[in-house]
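# Observations on the model geometry
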Amino acid sequence: MSKQRNATHDSLEGLPMEMIHAASSIAAYQAMLVGKLLTKLGLNGSDDNQPKVKLSAAMLLELGATLHLIVWRQSGMLKHLDQSPNVDQAIETAIKHVCQELEGNYRCLNQLSDLPETVFQTWLRQFAWMARQQMGTDVLLQTDVRSTFVRELAKLLWKNRSHAINSELSSDEN
């Protein structure tokens, strides 16, 4: 019985184990980004003097996706993606939603925007799945690797053409 790459929304059956581990890793990474932000803002409630902030699951998922986009932009990866959400718009939306939730207007998961899924699908299609576990960072996989390699090889060969011709001539004389 072969495993299928597609599974129903309620089941992980049939998905490759690498994909499941990678999805777990990216979720943990985004949760860590959110935790660091809340700590930096003094909103995690870890100190008795700090206020405890309650955010909905939808807000935490959107905030994690937004922070991941910011990391990609800061590292220069965003400009190399086939398509990416607008980071500034994601930040603006996240701020608006956090403010609404701080006022007590919480959202349910069925009110979740497309941003978390879009970021995850982008990561799934264009990044190395195991890079975060193995190297602690995202690694972008170029979709045009073959054409880039051929172009760079052609430049290198053209630049060193006289050396190659001289080497061939001197070996023919011997």
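Residues numbered from 1 in each chain as written. Predicted model: local features only at pLDDT ≥ 70, side-chain atom pairs only at ≥ 80, totals over all residues. Heavy atoms only, no water.

So, on to the overall build of the chain. The secondary structure content of the chain amounts to seven helices and zero strands. What you see in the chain, going N to C, is helices and strands ordered as α-α-α-α-α-α-α. Counting every position in the chain, which comprises 174 residues, the buried fraction comes to 31%. By sequence separation, contacts in the chain at least 24 residues apart represent 64% of the contacts at least 6 residues apart. With an accessible surface of roughly 12,400 Å², the chain has 55% of that area assigned to carbon and sulfur atoms. (Helix = DSSP H or I, 4+ residues; strand = E, 2+ residues; numbered from the N terminus. Buried < 20%, exposed > 50% of the residue type's maximum accessible area, 1.4 Å probe, protein only. Contact = heavy atoms within 4.5 Å. Areas by Shrake-Rupley, 256 points an atom, 1.4 Å probe, with all protein chains shown as cover.)

For the rest of this paragraph, the subject is the packing of aromatic side chains. What the rule picks out here adds up to two aromatic pairs. Their ring planes at 10° and their centres at 4.6 Å tell us that Trp72 and Phe127 sit as a pair that is stacked. Here Trp72, found in helix H2 (residues 57–75), pairs with Phe127, found in the loop between helix H4 (115–126) and helix H5 (131–135); they are 55 residues apart in sequence, far enough to count as distant. Of the two residues, Trp72 and Phe127, neither departs from the other in class, the shared state being buried. Here the basic side chain of Arg132 rests over the ring of Tyr29, its NZ or CZ set 3.4 Å away from the ring centre. (Phe/Tyr/Trp six-rings, centres within 6.5 Å; stacked < 30°, edge-to-face > 60°. Lys NZ or Arg CZ within 6 Å of the ring centre and 35° of its normal.)

Right, let's get into the nonpolar core. Leu69, Trp72, Trp123 and Phe127 are the most contacted members of the largest nonpolar core, which totals 30 residues. Every element with two or more residues in this core is listed here: helix H1 (17–40), H2, helix H3 (87–102) and H4. When neighbours within four sequence positions are excluded, Trp123 is seen to be in contact with Ala22, Ala23, Ile26, Trp72, Ala128, Trp129 and Asp138. (Core = buried A, V, L, I, M, F, W, Y, C linked by side-chain atoms within 4.5 Å.)

In the structure shown here, the tally under the stated rule is four salt bridges. The residue Glu62 makes a salt bridge to Arg107 at a minimum N-O spacing of 2.6 Å. Of this pair, Glu62 sits in helix H2 while Arg107 sits in the loop between H3 and H4; the two residues are 45 residues apart in sequence, bridging distant segments of the chain. We classify Arg107 as buried; its relative accessible area is 13%. Between Asp88 and Arg73 there is a salt bridge, with its nearest N and O atoms 2.9 Å apart. (Salt bridge = Lys/Arg side-chain N within 4 Å of Asp/Glu carboxyl O.)

We now examine the confidence of the model for the chain. Any region with low pLDDT has predicted coordinates that should not be read closely. Mean pLDDT over the chain works out to 81, with 78% of the residues at or above the 70 mark. Averaged over each element, pLDDT in the chain is lowest for helix H7 (residues 161–173) (61) and highest for H2 (95). Below a pLDDT of 50 lies the segment residues 1–8, which in the model reaches 14 contacts outside its immediate sequence neighbourhood of four places, other chains included. (pLDDT = per-residue confidence, 0-100.)

Position of Ala27 relative to the elements: it lies in helix H1. In this structure Ala27 comes out as partly exposed when scored by relative accessible area, which is 44%. For the pair Ala27 and Phe120, spaced 93 residues apart in sequence, the C-alpha separation works out to 9.1 Å.

Moving on: the side chain of Asp138. Along the polypeptide, Asp138 turns up in the loop between H5 and helix H6 (145–159). Reaching out from Asp138, the side chain makes a polar contact with the side chain of Trp72 at a distance of 2.9 Å. Separated by 3.3 Å, the side chains of Asp138 and Trp123 make a polar contact. Excluding its chain neighbours within four sequence positions, the residues that come into contact with Asp138 are His68, Trp72, Met77, Trp123, Phe127, Ala131 and Arg132. (Polar contact = N/O pair within 3.5 Å; in protein donor to acceptor, adjacent residues only side chain to side chain.)

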